[in-house]
Amino acid sequence: MKNRLLWPILALVALLLLNLVVTPSFFALRIQDGHLYGGLVDVLKNGAPTLLIAIGMTLVIATRGIDLSVGAVAAIAAAVTCVHIGTSPDAGTALAGMAIALVLCAALGLWNGFLVAGLGIQPIIATLVLMTAGRGIAMLVTEGQIITVNNDAYRQVGAGFVVLPVSILISLAVLGLVALTTRKTALGMLIEAVGVNPEASRLAGVRSRTIIWTVYVFAAVCAGIAGLMISSNVSAADANSNGLWIEMDAILAVVIGGTSLAGGRYSLTGTLLGSLIIQTLTTTVYTIGVAAEVTLVFKAVVVITVCLIQSPKARAALSFRKVAVS
Amino acid sequence: GSGSGGAGSGTGNGSSGDTITMGFAQVGAESGWRTANTKSIQDEAKAAGIDLKFSDAQQKQENQIKAIRSYIQQKVDVIAFSPVVETGWDTVLLEAKRANIPVILTDRAIDSDDTSLYKTFLGSDFVEEGRKAGDWLVQNVNGPTNVVELQGTTGAAPAIDRKKGFEEKIAAKPDIKVVASQTGDFTRSGGKQVMEAFLKSQPKIDVVYAHNDDMGLGAIEAIKAAGKVPGKDIKIITVDAVKDGMTALANGEINFIVECNPLLGKQLMELAKKVVKGEEVPARVVTVEGTFTQEQAKAALPQRQY
Amino acid sequence: MTALTTRLPARFLPVLATVVLFVITFGAGSLRYDGFASGQVIANLFIDNAFLIVLAAGMTFVILSGGIDLSVGSVVALSTMVTAAGLRAGWPVPLVIIAVLLIGSTLGLLMGVVIHKFDIQPFIVTLAGMFLARGLCFLISVESVSIKDATFREVATAVIELPGGVTITYNVVIALLVVLAALYVLHRTRFGRTVYAVGGNEQSALLMGLPTARTKVGVYVISGFCSALAGLLFSLYMLSGYGLHAVGMELDAIAAVVIGGTLLAGGLGYVLGSLAGVLVLGTIQTLISFQGTLSSWWTKIVIGALLLVFIAVQRGMIRGRRRQAAVAS
Amino acid sequence: MTESPPPVVEMRGISLAFPGVKALQDVDFRLFPGEVHALMGENGAGKSTLIKTLTGVHTPDSGSVLLAGESVAFSSPGQAQQAGISTVYQEVNLCANLTVAENILLGREPRRFGGIDFPAMRKRAAEVLARIGVHIDPASVLETHPIAVQQLVAIARAIAVDCRVLVLDEPTSSLDAGEVAELFRIMRVLRDEGVAILFVSHFLDQVYEISDRMTVLRNGTLVGEHLTSELDRRDLISKMIGRELGALEAIEDASERHSVSGPVLVRAEGLGRRGAIAPFDLDIRAGEVVGLAGLLGSGRTELARLLFGADRADSGRLIVDGTPLHLRGPRSAIAAGIAFCSEDRKGEGLVADLSIRDNLVLAMQAARGWSRPVSRKVKDSLVEKYLTALDIRPANPDALVRTLSGGNQQKVLLARWLVTEPRLLILDEPTRGIDIGAKAQIQQLVTTLAAEGTAVLFISAELEEVVRIADRIVVLRDRHKIAELDGGSTIDEVVELIAGDPVPEEVAS
Ligand SMILES: Nc1ncnc2c1ncn2[C@@H]1O[C@H](COP(=O)(O)OP(=O)(O)OP(=O)(O)O)[C@@H](O)[C@H]1O
Ligand SMILES: Nc1ncnc2c1ncn2[C@@H]1O[C@H](COP(=O)(O)OP(=O)(O)OP(=O)(O)O)[C@@H](O)[C@H]1O
Ligand SMILES: [Mg+2]
Ligand SMILES: [Mg+2]
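Residues numbered from 1 in each chain as written. Chains lettered and ligands numbered in written order. Predicted model: local features only at pLDDT ≥ 70, side-chain atom pairs only at ≥ 80, totals over all residues. Heavy atoms only, no water.

Chain C goes by ABC transporter permease in an unreviewed UniProt entry, where it is assigned to Lentzea flava. The Subcellular location (unreviewed entry) field of the UniProt record for chain C holds the comment "Cell membrane". (UniProt positions renumbered as here; feature names shortened; annotations may be inferred.)

Rendered as structure tokens:
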């Protein structure tokens with residue numbers, strides 16, 4: 001278990017070191033306006049939404065599902081909140097807006113859960129419905145405009161600091177909460193059981209439907225909060241670009257973290273590492289000055305290298321000669 | 001509720017009646033700019049009494065082609081569309097030509113040797129926009145200047161052209177150097193993230209050139225978070241002139257905006273009527289576009305519609 | 001009809017349901033819109049989706065084997081880019097075609113080998129493949145490149161007249177040939193059946209002594225080849241090469257396959273289902289452009305809603321049929 | 001040994017370790033042409049692992065494999081197959097989504113014009129099946145058949161080709177006497193043709209009936225190689241378990257029958273499901289062991305599934321403690337104190353990727369709901385209790401169930417339901433793949449449970465077992481309940497009923 005996480009950690013460290021070599025100031029931290037400021041802080045702050053969505057996604061994937069709609073749900077949450085806030089600078093309005101948005105997200109999660117657990121539709125296609133329509137709904141809410149708000153309370157969610165960025169604190173808190181809930185209760189085990197062998201779980205009396213339903217709702221709420229972070233970070237809701245392709249990043253984070261898309265055993269720590277690796281990669285591209293044309297090739301090379309490092313088989317193949325010699 | 005009334009059908013062969021049927025294949029609704037563009041076209045079509053068939057291609061060129069093909073099938077009187085990419089239109093436009101349906105391009109020309117494929121092209125010139133931005137910079141800075149560039153989506157035509165035009169102009173002054181250039185995908189979050197990274201990796205940044213207002217607005221947030229003053233410590237040039245950008249310009253956070261006008265509707269409808277009647281139209285109609293400094297922005301802001 | 005359906009094994013039901021639904025949707029469109037019920041509209045469905053049909057056929061192999069290929073859209077883009085750049089550089093057409101097909105198959109082969117040899121999840125490997133292929137496009141050229149080659153243009157604009165004045169393009173013919181070939185390979189060859197076996201239970205397939213390694217790598221080669229071929233068709237369709245072509249098309253292909261009744265977990269599904277799935281997606285689009293009054297956001301919402309109606313009804317039909325079949329037996 | 005022909009398979013000094021387990025340590029093994037060679041040992045002794053090492057599934061850490069005198073190192077089962085080693089692995093390892101014919105012939109299907117010739121393939125498959133006395137539609141999908149039929153299909157696959165070596169790892173665990181006889185007939189024919197047959201079974205009768213020679217493993221080490229004729233049962237058992245036999249016999253004696261007259265715990269009235277089992281009546285009393293007897297496919301499993309609510313009944317009702325129970329699914333059955341231990345432990349029983357501990361408490365936990373976790377302490381004590389009670393090996397609660405030997409997996413599944421302390425325990429083939437010691441243990445467990453007031457519904461393909469332990473025997477035929485017999489009945493009586501005339505039409509639904 002610990003051994004398995006060693007390699008993602010190494011990959012992350014290697015990426016960070018690459019930054020250090022190219023930009024020596026990357027690790028520099030200073031206090032700016034009462035909070036930490038520096039490259040690492042950016043990684044945490046910008047990685048927070050992906051991490052949050054990836055946490056929800058981990059549980060969904062553990063039940064053998066997948067949720068493609070998280071990006072659209074994030075956009076809806078952002079749109080609803082910003083439209084609700086409008087020009088108001090009130091903290092109360094912001095809170096109310098966020099509450100409405102998250103309740104809506106929970107409802108969207110129920111909807112996904114209904115399609116998957118209730119109607120038995122394959123998750124990828126069931127959530128594709130909301131992925132497509134959801135962005136339309138978000139645009140309907142904003143009427144295709146970017147809704148800019150000027151609300152300090154709202155700004156805190158994505159751009160605020162309590163020494164560290166508020167967004168990463170939220171994501172880590174959710175991570176801790178999920179870790180605790182799944183470990184201290186039997187939820188984690190039951191989720192894995194449903195993911196590994198749904199029929200055996202049913203015959204053992206596990207409420208698979210309720211569990212599947214729960215994880216989709218949870219994933220949607222996570223996506224909603226992430227959407228709030230993304231839009232709060234720039235104080236604007238953009239129904240088109242908020243959370244665009246974030247489902248791919250989240251799934252990638254989960255998978256790099258060692259959770260199999262085939263369901264079953266999952267690792268939240270792995271997901272945390274996966275998210276950090278992905279965000280570090282993105283930030284690295286900006287900091288070390290990879291030309292825009294080469295960015296994708298660079299990403300491809302890094303992703304595949306990270307995976308090769310992690311794969312026991314690849315390592316065995318690489319170290320084979322050494323073993324043979326010694 | 002349902003946004004799709006029963007209207008819109010039942011036209012089919014509009015050539016017989018007086019009302020003109022226009023098929024408009026929009027790229028998508030990927031930005032506020034585009035939405036304003038769509039709205040202008042829809043409003044002006046209504047005002048001009050033109051029956052508009054509108055389709056949104058969800059940012060995919062192939063969908064646009066499909067829509068155009070379906071307009072040909074529906075025998076509309078005139079087809080208009082915004083080709084975000086220059087290439088890839090020949091086949092379907094040839095079909096339109098065979099079906100005797102005139103085509104108007106908006107926004108951008110196409111790259112085809114056969115100019116008979118379309119009647120006219122109405123739109124802005126992205127390279128020119130880049131040049132305007134470059135011009136302003138050349139005239140307004142002295143001494144060594146480090147510029148960071150926030151590019152649009154890699155490969156997107158406005159991104160390529162605005163970069164090209166800009167580079168063309170600043171080449172005249174070797175003091176001006178683009179020290180970093182990265183794509184911010186035309187979004188605020190993208191602009192902010194890239195700018196955050198630039199602020200850490202570049203020791204000295206004097207100017208930000210953003211390919212659209214949104215990335216510029218994102219960059220402003222990043223600059224503020226770094227404890228610098230946007231517009232003063234770091235000058236900002238953007239393109240588009242949407243309302244939010246203009247507000248920032250009026251507030252002194254942006255220094256210069258090159259306009260890219262989405263309100264093509266009126267001109268388009270006029271052209272369409274002429275084209276359907278068979279009148280001669282100029283092969284190229286340039287939209288009226290200007291540039292804004294901070295003072296001009298303050299004056300123009302109250303009338304800004306989008 | 002009932003006699004037929006009760007005799008049909010349950011596994012054909014999703015495909016059947018898709019086809020029936022397609023017919024119903026099309027009928028509904030014909031009633032609602034003038035000019036919808038024409039042969040050319042159907043032909044356009046094929047013309048406009050020929051490349052997607054080819055992609056979906058390749059994707060069917062991968063998904064049947066229990067994998068997934070996210071790189072297909074990017075490989076299409078890369079293929080258009082290579083085609084356009086190659087022709088611009090004056091390469092002869094056959095050379096371009098061979099080069100494109102080789103590049104696509106090689107990419108598939110590489111991904112397959114990494115997936116199999118190093119036991120890395122297909123999702124990541126093909127996602128990296130997706131980045132790589134699109135990145136290579138931009139390395140060739142950031143701008144779009146027009147295809148001016150005369151032969152290419154001729155083939156692209158040539159039409160085949162069918163009885164009734166309906167015209168189709170060569171793309172359609174190629175796409176249908178690919179479907180036929182896929183049908184043959186999947187159902188008549190050992191490789192095809194092994195694809196199903198591996199998708200059903202890889203461990204068992206291995207213990208049964210089947211060549212799982214070759215099969216697993218093979219499906220990615222096929223998918224890579226199909227993507228390259230789809231890229232060629234796309235080049236003919238667009239007459240241009242561009243790094244931003246076919247963005248997100250992998251999702252369309254996957255959606256078509258899954259709507260066609262193929263199980264994402266592998267082992268169950270049919271190419272004909274995927275073909276029906278593509279046609280369904282195409283019909284939804286045609287319906288929307290015939291409606292012609294939807295705003296951008298309503299377009300998305302309606303696409304989602306139609307998709308939902310589609311899969312929900314399909315699901316209902318399958319369930320109902322199963323129950324009926326159980327009662328009848 | 002003085003055999004003239006050289007061994008066709010020779011394994012020398014084979015060692016293989018899995019993380020935490022030394023599965024094989026320096027094992028030698030020889031297999032001669034024209035013999036049936038039984039590989040014997042307790043659950044987890046390493047039999048399946050040795051077989052998988054031979055066929056290239058596992059690569060040994062050390063040691064060598066010789067085939068007809070030549071050193072071989074297969075890297076996949078496919079290669080072993082090409083070299084003439086045909087294998088039936090312990091769990092049914094076929095592709096449930098393919099047809100029966102494909103499962104039998106895939107990889108060597110008849111072809112025409114380059115493509116598979118399906119009519120010929122079905123014909124050929126039907127022939128092979130007929131050889132072992134199975135008559136099912138070769139075009140049907142494998143997963144529509146019960147596990148026993150699947151096992152027969154796996155055997156058919158193995159004998160469908162000409163082979164030098166036939167390996168059968170517990171092929172008979174789900175089969176009833178008739179099919180076993182059929183299989184043995186084929187095995188004898190093949191042996192006489194010079195095929196070397198490696199056979200694994202926990203049924204000593206079968207082993208003594210068919211095998212010429214045996215190799216005994218214990219804890220991954222070689223105990224010895226013997227001619228069957230020279231090793232009697234007592235010695236064999238003590239070699240397998242490593243101690244004297246006394247303990248075992250004591251257990252067997254304990255399974256005394258008694259008649260029960262307690263209150264009716266569960267009553268089925270006209271319960272039935274079309275296509276599965278005709279409506280039946282059944283009373284099960286607390287403390288009673290009811291055996292279900294019938295041929296393969298007679299509907300025993302279907303009956304059990306209805307009682308548990310795994311399938312929905314479309315007629316009749318179920319009465320528990322005198323009040324009708326509306327069975328909405330397994331959950332309501334579990335809540336009413338009913339437990340069902342499925343015959344298909346791989347597909348419907350265990351959660352392979354979870355640990356022994358999690359599998360053990362799964363049903364109990366599911367009943368409590370996710371928010372009330374079984375405390376670590378309770379878990380540990382339960383796990384501890386059942387690991388020792390059922391002698392599950394390795395006794396490491398964190399080991400993934402996937403890595404256990406077949407017999408040990410079966411024990412884990414059984415333990416899962418014992419943990420819930422059910423009032424009615426339905427056991428569908430609970431002794432499948434379980435070694436002789438453990439089998440006696442389980443039988444005794446059933447008796448003890450019954451003595452403590454638990455009702456047990458016991459299904460087994462092994463009639464002796466049913467007759468020995470049941471207080472009452474319900475006989476099924478062609479998916480109809482045809483008779484109930486008292487505990488004192490003999491096997492012959494039961495067999496007569498099972499194999500009797502077809503059910504008259506009017507009884508059928
Ligand atoms: N893949 C694996 N990983 C870890 N341990 C394993 C694995 N496969 C088998 N083992 C262990 O190796 C030992 C031998 O198992 P094996 O399956 O060979 O037993 P067996 O003799 O066939 O028993 P049974 O009669 O129950 O089938 C067991 O302790 C088992 O837990
Ligand atoms: N999933 C299924 N689909 C269709 N028919 C089935 C299915 N499962 C079982 N059957 C059929 O139902 C009949 C009863 O099967 P069942 O498993 O109840 O028999 P059984 O007496 O328990 O036999 P076994 O000895 O195999 O356990 C068999 O004829 C079988 O072919
Ligand atoms: Mg075994
Ligand atoms: Mg049974």
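Caption draft 1: Local environment of the overall build of chain B. Tallying secondary structure elements over chain B gives 10 helices and 12 strands in all. Here the C-alpha atoms of chain B give a radius of gyration of 21 Å, agreeing with the 19 Å that 2.2 N^0.38 yields for 306 residues. By residue count, 63% of the 306 residues in chain B fall in the buried class. Of all intrachain contacts in chain B linking residues separated by at least 6 positions in sequence, the fraction that spans at least 24 positions is 73%. Surface summary for chain B: the accessible area is close to 10900 Å², and the carbon and sulfur share equals 49%. When the 36 positive and 40 negative side-chain charges of chain B are each reduced to one mean point, those points stand 2 Å apart. (Helix = DSSP H or I, 4+ residues; strand = E, 2+ residues; numbered from the N terminus. Rg over C-alpha atoms; globule rule 2.2 N^0.38 Å. Buried < 20%, exposed > 50% of the residue type's maximum accessible area, 1.4 Å probe, protein only. Contact = heavy atoms within 4.5 Å. Areas by Shrake-Rupley, 256 points an atom, 1.4 Å probe, with all protein chains shown as cover. Lys, Arg positive; Asp, Glu negative; His and termini not counted. Charge placed at Lys NZ, Arg CZ, Asp CG, Glu CD.)

Caption draft 2: Summary view of the interface of chain A and chain B. Contact with chain A, which involves 37 residues of that partner, is made by 28 residues of chain B. Here chain A meets chain B over a buried area of about 2500 Å², counting both sides, of which 47% is carbon and sulfur. Applying the counting rule to chain A against chain B returns 3 salt bridges. A salt bridge links Glu221 of chain B to Arg155 of chain A, with the nearest nitrogen and oxygen atoms 3.2 Å apart. (Buried area = accessible area lost by both parts, 1.4 Å probe. Salt bridge = Lys/Arg side-chain N within 4 Å of Asp/Glu carboxyl O.)

Caption draft 3: How the structure looks around the packing of aromatic side chains. Going through the model one piece at a time under the given rule, you end up with 18 aromatic pairs over all chains. Between the aromatic rings of Phe166 of chain B and Tyr209 of chain B, the centroid separation amounts to 3.8 Å while the plane-to-plane angle is 20°, which identifies the pairing as stacked. Residue Phe166 of chain B is located in helix H5 (residues 157-170), and its partner Tyr209 of chain B is located in strand S8 (residues 207-210); the two are separated by 43 residues in the primary sequence. Classification of Tyr209 of chain B by relative accessible area gives buried; the value is 0%. Judged by centre distance (4.6 Å) and plane angle (90°), the ring pair of Phe51 of chain C and Phe234 of chain C falls under edge-to-face. Here the residue Phe51 of chain C occupies a position in helix H3 (residues 39-64), and Phe234 of chain C occupies one in helix H11 (residues 212-238), the gap between them amounting to 183 residues. Given a relative accessible area of 0%, Phe234 of chain C falls into the buried group. (Phe/Tyr/Trp six-rings, centres within 6.5 Å; stacked < 30°, edge-to-face > 60°.)

Caption draft 4: Geometry of the site of ligand 2. Residue and element names in this part refer to chain D. Among the 13 residues in the neighbourhood of ligand 2, the closest are listed as Arg300, Thr301, Glu302, Glu343 and Arg479. For ligand 2, a nitrogen atom lies 3.3 Å from a polar atom in the backbone of Thr144. For ligand 2, an oxygen atom lies 2.4 Å from a polar atom in the side chain of Thr301. For ligand 2, whose unbound accessible area comes to 620 Å², protein coverage reaches 75%. In terms of residue count, helix H10 (residues 300-308) provides more of the shell around ligand 2 than any other element does, 3 residues in total. (Near = heavy atom within 4 Å. Polar contact = N/O pair within 3.5 Å; in protein donor to acceptor, adjacent residues only side chain to side chain.)

Caption draft 5: Focus on the coordination of the magnesium ion (ligand 3). Ser48 of chain D (OG) and Gln90 of chain D (OE1) make up the full set of protein donors to the magnesium ion (ligand 3), lying at 1.9 to 2.1 Å. With a gap of 42 residues between them, Ser48 of chain D in helix H1 (residues 47-54) and Gln90 of chain D in the loop between strand S6 (85-88) and helix H3 (100-105) connect regions that are remote in the sequence. (Donors = N, O, S within 2.8 Å, 3.2 Å for Na, K, Ca; no water.)

Caption draft 6: Expanded view of helix H6 (residues 188-201) of chain B. The first and last C-alpha atoms of H6 of chain B sit 20 Å apart over 14 residues, in line with the 20 Å expected at 1.5 Å per residue. In this structure Thr187 of chain B caps H6 of chain B, since a side-chain oxygen of it lies 3.0 Å from the backbone nitrogen of Gly190 of chain B. (Expected span 1.5 Å × (residues − 1).)

Caption draft 7: Structural detail: the sheet that holds strand S9 (residues 235-240) of chain B. Residues and elements named next belong to chain B. Taken together, 6 strands build an open sheet; the order of strands is S7-S6-S8-S9-S10-S12 and the sheet is mixed. Across the chains shown, the open sheet's two edge strands, defined by having one partner strand only, are strand S7 (176-183) and strand S12 (291-292). Of the strand pairs in this sheet, strand S6 (residues 145-151) and S8 are connected by 4 bridges, and their pairing is parallel. Paired with Val148 across the strands is Val208, a residue of S8. Most of the contacts of helix H7 (residues 213-225) go to S9, to which it runs at about 155°, and overall it touches S6, S8, S9 and strand S10 (256-259). (Pairing = 2+ DSSP bridges. Axes fitted to C-alpha atoms, helices over the stretch in contact; angles between N-to-C directions.)

Caption draft 8: Just the interface of chain A and chain C, in detail. Residue-level contacts link 45 residues of chain A with 44 residues of chain C. Carbon and sulfur atoms make up 84% of the surface buried where chain A meets chain C, a total of about 3800 Å² over both sides. Scanning the region where chain A abuts chain C turns up 7 residue pairs in polar contact (both at pLDDT 80 or more). Ranked by residues supplied to the side of chain A that touches chain C, first place goes to helix H5 (residues 123-142) of chain A with 12 residues. A per-class count over the side of chain A that touches chain C returns 31 nonpolar, 9 polar and 5 charged. (Nonpolar A, V, L, I, M, F, W, Y, C, P; charged D, E, K, R; others polar.)

Caption draft 9: Representation of the site of ligand 1 within the structure. Residues and elements named next belong to chain D. By nearness alone, 20 residues border ligand 1, and Gly44, Ser48, Thr49, Ser405 and Gly407 come closest of all. For ligand 1, an oxygen atom lies 3.4 Å from a polar atom in the side chain of Glu170. His202 is positioned such that a nitrogen or oxygen atom in its side chain is 2.9 Å from an oxygen atom of ligand 1. Surface burial for ligand 1 is 87%, taken as the share of its 630 Å² of free accessible area covered by protein chains. Among the secondary structure elements, those contributing two or more residues to the shell around ligand 1 are strand S2 (21-31), H1 and helix H15 (406-419). Looking at the shell around ligand 1 element by element, the count peaks at 3 residues for H1. Counted by class, the shell around ligand 1 contains 6 nonpolar, 11 polar and 3 charged residues. When residues of the shell around ligand 1 are assigned to domains, at least three fall in each of domain 1 (9-241) and domain 3 (347-421). (Domains from an automatic or database assignment.)

Caption draft 10: Molecular detail of the coordination of the magnesium ion (ligand 4). Residue and element names in this part refer to chain D. Bound to the magnesium ion (ligand 4) are the protein donor atoms Thr301 (OG1) and Glu343 (OE), situated 1.8 to 2.7 Å from the metal. On the criterion of sequence distance, the pair formed by Thr301 in helix H10 and Glu343 in the loop between strand S18 (338-341) and helix H12 (345-349) is long-range, its members being 42 residues apart. Each member of the pair, Thr301 as well as Glu343, carries the same accessibility label: buried.

Caption draft 11: Expanded view of the pattern of salt bridges. Residue and element names in this part refer to chain D. Counted according to the given criterion, the structure contains 59 salt bridges over all chains. Here Lys481 ties to Glu484 by a salt bridge, and the two come within 2.5 Å at their closest N and O atoms. You can call Lys481 partly exposed: its relative accessible area is 25%. Through salt bridges with shared partners, a single ionic network connects Arg30, Glu35, Arg213 and Glu225.

Caption draft 12: Focus on the UniProt feature "transmembrane region" (unreviewed entry) in chain C. As recorded in UniProt, the feature "transmembrane region" (unreviewed entry) lies at residues 12-29, 41-63, 70-89, 95-115, 122-142, 162-186, 217-238 and 296-313 of chain C. This span, residues 70-89 of chain C, is 85% helix and 0% strand, and a straight line between its end C-alpha atoms measures 30 Å.

Caption draft 13: Expanded view of the nonpolar core. Grouped together as the largest cluster of nonpolar side chains are 422 residues, with contacts concentrated most on Met195 of chain B together with Leu307 and Phe308 of chain D. By residue number, the principal contributor to this core is H3 of chain C, which donates 18 residues. Residues within four places of Leu307 of chain D in sequence aside, it is in contact with Ala268, Leu271, Leu282, Ile284, Leu318, Leu327, Ile338, Ile426 and Leu457 of chain D. Leu39, Leu54, Val65 and Val165 of chain D belong to the second largest nonpolar core, which has 25 residues in total. (Core = buried A, V, L, I, M, F, W, Y, C linked by side-chain atoms within 4.5 Å.)

Caption draft 14: Seen up close, unusual backbone geometry. A cis amide bond, omega -5°, links Arg393 of chain D with the succeeding residue Pro394 of chain D. The residue Pro394 of chain D is located in the loop between helix H14 (376-389) and H15 in this model. Positive phi, normally seen in glycine, also occurs at Asp33 of chain A, with a value near 50°. You can see Asp33 of chain A is positioned in the loop between strand S1 (29-32) and strand S2 (35-38). Within the chain, Gln58 of chain B stands out as a residue other than glycine whose phi angle is a positive 55°. Structurally, Gln58 of chain B can be placed in the loop between strand S2 (51-56) and helix H2 (61-73).

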